[in-house]
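The lines below spell out each chain.
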Amino acid sequence: MSEYHISSFIVRCHKEHVTKNVEKINQIEGAEVHEFEPTGKLIVTAEGFSHRAVSNITELIRDMPQVVDVAAVYHEYTPDAEM
């Protein structure tokens with residue numbers, strides 16, 4: 001059985017590191033920054049074939065030294081039968 005997960009997050013970081021964090025996040029497989037503000041707010045999605053894959057992406061972002069907070073906004077799960 002396979003499944004697919006997609007989640008969105010608001011990531012807050014120090015404003016001095018916005019550009020660097022956008023680059024780092026976009027290098028993570030399954031993660032993408034869709035929008036960001038110079039004040040340090042980023043809109044990010046994470047996609048993967050398991051809840052664990054999305055959680056791993058979230059933890060990688062949360063563990064970045066310049067990241068202040070990662071807040072989940074949305075999560076959708078699609079089981080194999082619907083793919």
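All of these numbers come straight from a predicted model, not from anything done at the bench.

A word on the side chain of Thr58. Tracing the backbone through its elements, the reader meets Thr58 in helix 2 (residues 51-62). Every residue in contact with Thr58, bar those within four places of it in the chain, is listed here: Phe9 and Val70.

To continue, consider the pairing of strand 1 (residues 3-13). Summarising the sheet, strand 1 and strand 4 (residues 67-79) pair through 11 bridges and their orientation is antiparallel. Each residue of the ladder has a partner; that of Val11, found in strand 4, is Val70. Both strand 1 and strand 3 (residues 41-48) contribute to a ladder of eight bridges, which runs antiparallel. Across the sheet, His5 pairs through a bridge with Gly48, a residue of strand 3.

To continue, consider the confidence of the model for the protein. The pLDDT averaged across the protein works out to 94; a share of 95% of its residues lies at or above 70. Taking the mean pLDDT of every element in the protein, the minimum, 95, falls on strand 4 and the maximum, 98, on strand 2 (residues 31-36).

The next point concerns the sheet that holds strand 1. The strand order across the open sheet built from four strands is 2-3-1-4, with neighbouring strands paired in antiparallel fashion. Two strands lie at the open edges of the sheet, namely strand 2 and strand 4, each paired on one side alone. Across this sheet, the average inter-strand angle for adjacent strands is 20 degrees, counted without regard to direction. Strands strand 1, strand 2, strand 3 and strand 4 of the sheet are contacted by helix 1 (residues 18-26), whose axis makes an angle of about 150 degrees with strand 2.

It is worth spelling out the nonpolar core at this point. Of all hydrophobic cores here, the largest spans 18 residues; its most connected members are Val11, Ile25, Leu42, Val44 and Ile61. Put simply, the parts of the chain that give this core at least two residues each are strand 1, helix 1, strand 2, strand 3, helix 2 and strand 4. Among all residues touching Ile61, those that are not within four sequence positions of it are Val11, Ile25, Ile28, Val44, Val67 and Val70.

Summarising the element assignment, Val11 is placed in strand 1. According to the relative accessible area criterion, Val11 is buried, its value standing at 1%. Sequence separation between Val11 and Asp63 is 52 residues; the distance between their C-alpha atoms is 12 Å. Excluding residues that lie within four positions of it along the chain, Val11 makes contacts with Gly40, Lys41, Leu42, Val44, Ile61, Val67, Asp69 and Val70.

A word on the pairing of strand 3. Remark: a regular strand shows side chains that alternate across the two faces of the sheet. Bridging between strand 2 and strand 3 involves five bridges; their strand directions are antiparallel. Counterpart to Glu35 in the pairing with strand 3 is Ile43. Hairpin connection between strand 2 and strand 3: a loop of four residues separates the two successive antiparallel strands, and Gly40 in this loop has a positive phi of roughly 115 degrees.

Definitions and cut-offs
Residues numbered from 1 in each chain as written. Predicted model: local features only at pLDDT ≥ 70, side-chain atom pairs only at ≥ 80, totals over all residues. Heavy atoms only, no water. Helix = DSSP H or I, 4+ residues; strand = E, 2+ residues; numbered from the N terminus. Contact = heavy atoms within 4.5 Å. Pairing = 2+ DSSP bridges. pLDDT = per-residue confidence, 0-100. Axes fitted to C-alpha atoms, helices over the stretch in contact; angles between N-to-C directions. Core = buried A, V, L, I, M, F, W, Y, C linked by side-chain atoms within 4.5 Å. Buried < 20%, exposed > 50% of the residue type's maximum accessible area, 1.4 Å probe, protein only.

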